[in-house]
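So the chains spell out like this:
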Amino acid sequence: MTKRWKRMHSVWIASLFLAFAFSPVVTDAVAVSEYGALTEAPQDLRNCELPEITQGTIRLESGCRYTRSITIATSDVVLDCQGATITGMHRRGIVIRPGLKNVSVRDCRLHDTGGILIEGQTPEDDLPSREAARAGSSEGVVLEHLTITSSYMTGIFVDHYVVGAVIRNSIVADGHHVGIYLEHGSRKNTVSGNLIRNNGLFTNFGIRRVGPTRREGLSVDGSAFNLIENNVFDGNAFGGIFHYKNCWEFHTTNPESRPRLQGSDGNVIRGNVFRNMDIGIWVASRQSRDLVMWDCGDKSPYENPVSLEMMMGEREWGLSDEFQGYHFNPELIAGFVDKRALSPRWPFPTKLHLYEDFAKDNVYEDNCFEWLETGIRIEDDGNAVIGNRFIGDFEYLYLGSPFRTKFLERPIKDTVIANNRAYSPSGRSFLENSFLAEGEHTGTVIEQQNAGSPDISQGATCAVGPS
């Protein structure tokens, strides 16, 4: 074992420790509980009035339709919907206020609502204020056995500086935006045993999203030390999990926009299934994207705009480079579907506005990838890809960052790639089906078998849990 591998292995173990030390115990890694609401909903629902939300166990009626938002503003509450449906509102269906203790929401259906918000606190931007906001976060918030469909906003939104929330054994599907969102400054949350499917395909106005305007199943936006395990990501518009620290977007037009001061770092992603999408996991997903429409408040290390010529000729392309929209930049038509965006420009430019992105020291272990274009794309430092399965022939791993390498002279460093398995119909190995951009990574540790497996009969379908 090399010194560098030992160091990276220590980072991996430390990340696992953090995930366990600060996250509630979840179900056994192999066992997967039933997804979604537990109580079967009747075909015919009657309109009902909500009870008062007080301490103790609050039970809704199974055969009821509730059309008012629910706000939980006191500690020690169990909201048991008993399969009831909350529907028909373009605002949050359930809001959990900050600073509470021991709040559980279970066995609910939310359809055509703004989803669920675990509310955080908005601190000043200094370190003591941020730490105070985390210390004042709600504790013991558990969302389980929920079915959340056709959300007008994010299905489940874990707000800034929320710590230790648990989302498990639920369905988040067919939403207009991201399925589950871990907002900036949040930490040590658990997303376990969920089905996250078909999110991010359409805008709130029913317009089909195209190219990079599509969204992913789970956003980890400047959120750190989370445990994401035993979930199924299936058919989301752009991909499964995207890690990024956004660029303080819309900082001049949105008074609620805040600078992101934490990267998407130190997360543990294991035992998940990724299928039927362009990309399974994108690490530092905004490292190489044109953010001209985003009104970024961060200071860019680039002398923007940056020429696109290097991507047009001198560099070999990986499959997932096409997702960036370098040939045709659909990001710029965001002006048609987002009122806050700048007006779209024509013709499409050959120069990009770039900002640095941060997603370091994450661990991707025992996941399974199938029916994708790209399994994992890595564009930041210190990440580990260990013991995963890749079924079929596609771009298993993309490692590199063209603009950061060329213009900032900082290739991606200290990636660990070890013991991943390729179930390739063509007999190609893991590395043969991967794109490691020449000159764009350094200090990479590779411990991989040379051969792939042409016999995929034993690994033909991904299962949840360790492979």
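Computed from a prediction, not measured in an experiment: that's the story for all the values here. (Residues numbered from 1 in each chain as written. Predicted model: local features only at pLDDT ≥ 70, side-chain atom pairs only at ≥ 80, totals over all residues. Heavy atoms only, no water.)

### Re the overall build of the chain
For step 1, the next point in the chain: The secondary structure content of the chain amounts to four helices and 35 strands.
For step 2, the next point in the chain: Out of the 467 residues in the chain, the part that is buried amounts to 59%. (Helix = DSSP H or I, 4+ residues; strand = E, 2+ residues; numbered from the N terminus. Buried < 20%, exposed > 50% of the residue type's maximum accessible area, 1.4 Å probe, protein only.)

### As for the packing of aromatic side chains
For step 1, the next point in the chain: The full count for this structure, using the stated rule, is 15 aromatic pairs.
For step 2, the next point in the chain: Measuring from ring centre to ring centre gives 5.0 Å for Phe-274 and Phe-369, while their planes differ by 10°; the resulting arrangement is stacked. Here Phe-369 lies in strand S26 (residues 368-378) and Phe-274 lies in strand S22 (residues 273-283), a separation of 95 residues in the sequence. Across the pair, exposure class does not vary: Phe-274 and Phe-369 are buried alike.
For step 3, the next point in the chain: Members of the aromatic cluster, joined through ring pairs, are Phe-233, Phe-274, Phe-369, Phe-390, Phe-394, Tyr-396 and Phe-430.
For step 4, the next point in the chain: Positioned over the ring face of Tyr-244 is Arg-286, at 3.9 Å from the centre of the ring. (Phe/Tyr/Trp six-rings, centres within 6.5 Å; stacked < 30°, edge-to-face > 60°. Lys NZ or Arg CZ within 6 Å of the ring centre and 35° of its normal.)

### Let's talk about the nonpolar core
The nonpolar side chains of a soluble globular protein tend to be buried, and buried together.
For step 1, the next point in the chain: Within the largest apolar cluster, 64 residues are counted, with the highest numbers of intra-cluster contacts made by Ile-96, Leu-143 and Ile-376.
For step 2, the next point in the chain: Not counting the four nearest positions on each side in its chain, Ile-96 is found in contact with Ile-72, Val-103, Val-105, Leu-117, Ile-118, Glu-119, Val-141 and Leu-143. (Core = buried A, V, L, I, M, F, W, Y, C linked by side-chain atoms within 4.5 Å. Contact = heavy atoms within 4.5 Å.)

### Considerations on the pairing of strand S20 (residues 239-244)
For step 1, the next point in the chain: Summarising burial for S20: six of the six residues are buried, a large majority.
For step 2, the next point in the chain: When strand S17 (residues 216-221) meets S20, the two strands line up parallel, connected through five bridges. Bridge pairing in S20 links Asp-221 to Tyr-244. (Pairing = 2+ DSSP bridges.)

### What about the side chain of Glu-440?
For step 1, the next point in the chain: Looking at the secondary structure, you find Glu-440 in the loop between strand S33 (435-436) and strand S34 (441-442).
For step 2, the next point in the chain: For Glu-440, a relative accessible area of 6% puts it in the buried group.
For step 3, the next point in the chain: A polar atom in the side chain of Glu-440 sits 3.1 Å from the backbone nitrogen of Ser-401.
For step 4, the next point in the chain: Excluding anything up to four places from it in sequence, Glu-440 contacts Arg-315, Gly-400, Ser-401, Pro-402, Thr-405, Pro-411 and Ile-412. (Polar contact = N/O pair within 3.5 Å; in protein donor to acceptor, adjacent residues only side chain to side chain.)

### With respect to unusual backbone geometry
For step 1, the next point in the chain: In this model, Asn-304 is joined to Pro-305 through a cis peptide bond whose omega is -5°.
For step 2, the next point in the chain: Along the chain, the position of Pro-305 falls in the loop between S22 and strand S23 (306-307).
For step 3, the next point in the chain: Phi is positive for Ser-150, close to 50°, though the residue is something other than glycine.
For step 4, the next point in the chain: In this structure, Lys-188 is a non-glycine residue whose phi angle is positive, near 60°.
For step 5, the next point in the chain: Note that Lys-188 resides in the loop between strand S14 (180-182) and strand S15 (190-192).
For step 6, the next point in the chain: You can call Lys-188 buried: its relative accessible area is 17%.

### Notes on helix H2 (residues 127-135)
For step 1, the next point in the chain: Regarding H2, the residues found buried are Arg-130, Ala-133 and Arg-134. Take H2 and look down its axis: the buried residues cluster within an arc of 100°, on one side only. Exposed residues on H2 whose side chains face more than 90 degrees from its buried face are Pro-128 and Ala-135. (Arc of directions from axis to C-beta.)

### Thoughts on the state of the cysteines
For step 1, the next point in the chain: By the definition in use, this model includes four disulfides.
For step 2, the next point in the chain: Across the disulfide from Cys-247 sits Cys-296; the S-S distance is 2.0 Å. What sets the handedness of the Cys-247 and Cys-296 disulfide is the S-S torsion sign, and at about -60° it is left-handed. In this pair, Cys-247 sits in the loop between S20 and strand S21 (268-270) while Cys-296 sits in the loop between S22 and S23, placing the two residues 49 residues apart along the sequence. Both residues of the pair, Cys-247 and Cys-296, belong to the buried class.
For step 3, the next point in the chain: With a sulfur-sulfur separation of 2.1 Å, Cys-368 is cross-linked through a disulfide to Cys-462. (Disulfide = S-S within 2.5 Å.)

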